[in-house]
There are 2 protein chains.
Amino acid sequence: MEFQLIKQDPLTGARLGKISTLHGQVETPAFMPVGTLGTVKALLPEMLQEAGVEMILSNTYHLYLRPGHELIRDFGGLHRFMQWPGPILTDSGGFQIYSLAPLRKITPEGVIFRSHIDGREHFISPQLAVEIQEALGSDIMMCFDECPPYPTTFAAAEKSLALTTTWARICRQARRGDHQALFGIVQGSSYPALRRRAVEELVDIGFDGYALGGLSVGEPKDLMYDLVQQTAPLLPERSPRYLMGVGTRDDILYCVGQGIDMFDCVIPTRSARHGLLFTNEEKVVIRNARYRHDEGPVDRNCDCYTCRKYSRAYLRHLFTAKEILAMILGTIHNVRYYMRLMENIRAAIAGDRYGEFTRELLSQEK
Amino acid sequence: MEFQLIKQDPLTGARLGKISTLHGQVETPAFMPVGTLGTVKALLPEMLQEAGVEMILSNTYHLYLRPGHELIRDFGGLHRFMQWPGPILTDSGGFQIYSLAPLRKITPEGVIFRSHIDGREHFISPQLAVEIQEALGSDIMMCFDECPPYPTTFAAAEKSLALTTTWARICRQARRGDHQALFGIVQGSSYPALRRRAVEELVDIGFDGYALGGLSVGEPKDLMYDLVQQTAPLLPERSPRYLMGVGTRDDILYCVGQGIDMFDCVIPTRSARHGLLFTNEEKVVIRNARYRHDEGPVDRNCDCYTCRKYSRAYLRHLFTAKEILAMILGTIHNVRYYMRLMENIRAAIAGDRYGEFTRELLSQEK
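I will try to describe carefully the structure that is included in this document. For clarity, every value in this text was computed on a predicted model and none was experimentally measured. (Residues numbered from 1 in each chain as written. Chains lettered and ligands numbered in written order. Predicted model: local features only at pLDDT ≥ 70, side-chain atom pairs only at ≥ 80, totals over all residues. Heavy atoms only, no water.)

### Describing helix α6 (residues 126-136) of chain B
Residue and element names in this part refer to chain B. Burial analysis of α6 places nine of its eleven residues in the buried class, which makes it a mostly covered element. Of all the positions in α6, only P126, L128, A129, V130, I132, Q133, E134, A135 and L136 are classed as buried. Phi turns positive one or two residues past the end of α6, at G137, with a value near 75°. (Buried < 20%, exposed > 50% of the residue type's maximum accessible area, 1.4 Å probe, protein only. Helix = DSSP H or I, 4+ residues; strand = E, 2+ residues; numbered from the N terminus.)

### Thoughts on the relation of the copies chain B and chain A
Rotating chain B by 180° about the axis while translating it 0.0 Å along that axis superimposes it on chain A, leaving an RMSD of 0.0 Å. Classification of the inter-copy transformation places it as that of a two-fold axis. Distance from the rotation axis, computed per C-alpha, reaches its smallest value in chain B at B:I324: 3.7 Å. Residue by residue, 100% of the interface of chain B is reproduced at the interface of chain A, so both copies engage with the same surface. (Least-squares fit on C-alpha atoms with pLDDT ≥ 70 in both. Contact = heavy atoms within 4.5 Å.)

### Notes on the packing of helix α9 (residues 221-231) of chain A against helix α10 (residues 249-256) of chain A
Residue and element names in this part refer to chain A. Remark: α9 packs on α10, axes separated minimally by 10 Å, with the N-to-C direction vectors making an angle of 25°. Here α9 is positioned roughly parallel relative to α10, judged by the angle of their axes. Of the two elements, α9 crosses α10, and the hand of that crossing is right-handed. Taken together, the residues of α10 that come into contact with α9 (itself represented by K221, M224, Y225, V228 and Q229) are D250, D251, Y254 and C255. Of the residues belonging to the contact of α9 with α10, the class tally is five nonpolar, one polar and three charged. (Axes fitted to C-alpha atoms, helices over the stretch in contact; angles between N-to-C directions. Parallel < 35°, antiparallel > 145°, perpendicular 65-115°, else oblique. Left-handed = near helix turned anticlockwise from the far one by under 90°. Nonpolar A, V, L, I, M, F, W, Y, C, P; charged D, E, K, R; others polar.)

### Points about the interface of chain B and chain A
Accessible area lost on assembly of the parts is the figure often given for the size of an interface. Facing 41 residues of chain B, the contacting portion of chain A comprises 41 residues. Summing both sides of the interface, chain B and chain A together bury roughly 3600 Å²; the carbon and sulfur share of this comes to 61%. Broken down residue by residue, the surface that chain B buries against chain A is led by B:H317, B:E323 and B:I324, which jointly contribute 16%. When the shortest N-O distance is used, the salt bridge between B:E323 and A:K41 registers 2.5 Å. For the interface between chain B and chain A, the tally reads 16 residue pairs in polar contact (both at pLDDT 80 or more). If you list the elements that add at least two residues to the side of chain B that touches chain A, you get α1 (45-51), α3 (69-74), α4 (78-82), α12 (305-309), α13 (312-320) and α14 (324-350) of chain B. A breakdown of the residues in the side of chain B that touches chain A according to their chemical character gives 23 nonpolar, seven polar and eleven charged. (Buried area = accessible area lost by both parts, 1.4 Å probe. Salt bridge = Lys/Arg side-chain N within 4 Å of Asp/Glu carboxyl O. Polar contact = N/O pair within 3.5 Å; in protein donor to acceptor, adjacent residues only side chain to side chain.)

### Details of the sheet that holds strand β1 (residues 2-8) of chain B
Residues and elements named next belong to chain B. With respect to topology, three strands assemble into an open sheet ordered β1-β2-β3, the strand pairing being antiparallel. For this open sheet the edge positions go to β1 and β3 (24-28), each flanked by a neighbour on one side alone. Here the average twist between neighbouring strands, direction ignored, is 15°. Both β1 and strand β2 (residues 15-21) contribute to a ladder of six bridges, which runs antiparallel. (Pairing = 2+ DSSP bridges.)

### Brief notes about the pattern of salt bridges
For the structure shown, the criterion picks out 36 salt bridges over all chains. Linking A:E295 and B:R80 is a salt bridge whose minimum nitrogen-to-oxygen distance equals 3.1 Å. Taken together, the residues A:E295 in the loop between β16 (283-285) and α12 (305-309) and B:R80 in helix α4 connect one chain to another. According to the relative accessible area criterion, A:E295 is partly exposed, its value standing at 41%. Assessed through its relative accessible area of 44%, B:R80 is described here as partly exposed. The partner of A:D299 in a salt bridge is A:R340, and the shortest N-O contact between them spans 3.3 Å. One end of the pair, A:D299, is in the loop between β16 and α12; the other, A:R340, is in helix α14 (residues 324-350), with 41 residues separating them in the sequence. Taking relative accessible area as the criterion, A:D299 reaches 3% and is therefore assigned buried. A relative accessible area of 11% means that A:R340 is categorised as buried.

Below you can see the structure in the form of structure tokens.
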């Protein structure tokens, strides 16, 4: 993997860049739709491509449990298994274990947990997390980390960070070859001093990119913004910076301004399945009775398949009737909305007007 | 609507034909996938076209209740509302009322029933059934009929048939203009004499086509076959013959041989959503553990998008994980399977080898 830093916005910290992988290039700032189980829910790969998606995220924890990473390795990796030809980033499974799996025990060697599917006990070590991601064949792997809940005491966060750093070193050593990139994850809970220490320790080990983890886990929005603002500038300029699990449009606007290059979040896809469709002017709750006779598209400024062809009234009908097509068409729109957002962000940075662009966008809301 | 009878198989009753409508042509024998609520479940219109679908069926009862036929009329009809450019046949709503709606009362003027959605009372007369279908703007409308359950006494079936004939006459008179075709429905339960009477009465009124209704409602398969065999030849040669709600591949093979031109059924789409995928050799229960490592397509003889791109193992994974993509890919395959079946049936009739074709197909099963 290579990262080319093309330019920085002169007035903000926003960066324009390009990630090159064996499966293609990704222009940054980039947003990755989430394909938890080897499919971005409700979409064909061709629909992702038509929406302008370059890289997707897939979840190691879920694929390890089902269908199993060895099966996917036998198929030549996740790209071939799911027929997605572009770059894939896999998380390490850590966050999902802490948020989904019951009865876990964290030891210096790894994590014991029960599957949320059948309750069977599993053990994942940092070594195994890398091995699983190597079996999946993702373009970017993430270090296995511990993600403390919010709030956590300083002492507990410090102890957790020490484990995360130890595991990061183990992941770095466990990795075979360099055709898959490996990113370190900056933890440290809500403590800037620990975040700074995490950056120093990870940079000392040396990774292909750096992620901010353990954010958007229940802390106040302003605290998350503060931590991103204080931590992002500490990261190496020449490596991609990835804010995990974030976020809303406004989160992305703010954090791009702090120098973040990569994002992932279930918001566009999950919201779409629940009938919440995004436009710059408003969030359209498409089941609302006011759309019953609405002949217009979800978003008159949108060029997606859904907006080119279908009325709000038809979408409202499909969502009300709980038709599968509702989820397909809604997801197509929301993913394209996020991709257009990122295209516009990149164009604004390229044109030295990122701050202006952000202000304009925020003023369009009803 | 025009129907051109191109040829008849010299050894069987199989017919090759073409229906021409304002929205395009339909080669017969034809199978119509069911789009109950203005969407063939899990498919985009483009996927139907790619599968070779020429005409779809939509359900008047469902669309009358939700979103309402007046709303669809305001949109210029169902074609535009759902963005399906090809021919549409609408049933009359009768069968759905009898099978889905509780607390009904049948009067000489029409049927009082409660919505299966919210329990509200509705009344549909033969006149209203035509008016609704005119609002939907379908290419082929069906007469409002009474569909007695199986078994029914001769006396009850005779009384029911009298009502159906009266209603057929009312529908014929209620119809405005002739840009939408109107088909009569042959009832008469399991009594050949009543079926014969039904045909005579309907032909006397005069319709653009004739359907066999009230079959596949729980009667033994052989009885259904016998009734089709005895009734189909009585129908006017120069009009299309439609067997409603049928059926399996073998039903279609048999009934085409009796001179049926049109079929509809939820089997391919509903089965697909439950992970039952069709091939000539076997029915693939894709969740079965034997497919866990299977790198082959669902059907190596199939040219559908699903079979061109995805393995049985991936489909099994998607179905096991209950992913929406599972239902999309499964439906694409099963609809294409039915369309290929109809293409092969038409080619066999064209080649004077329909009987041979049927025997060959039946012998391929494992």
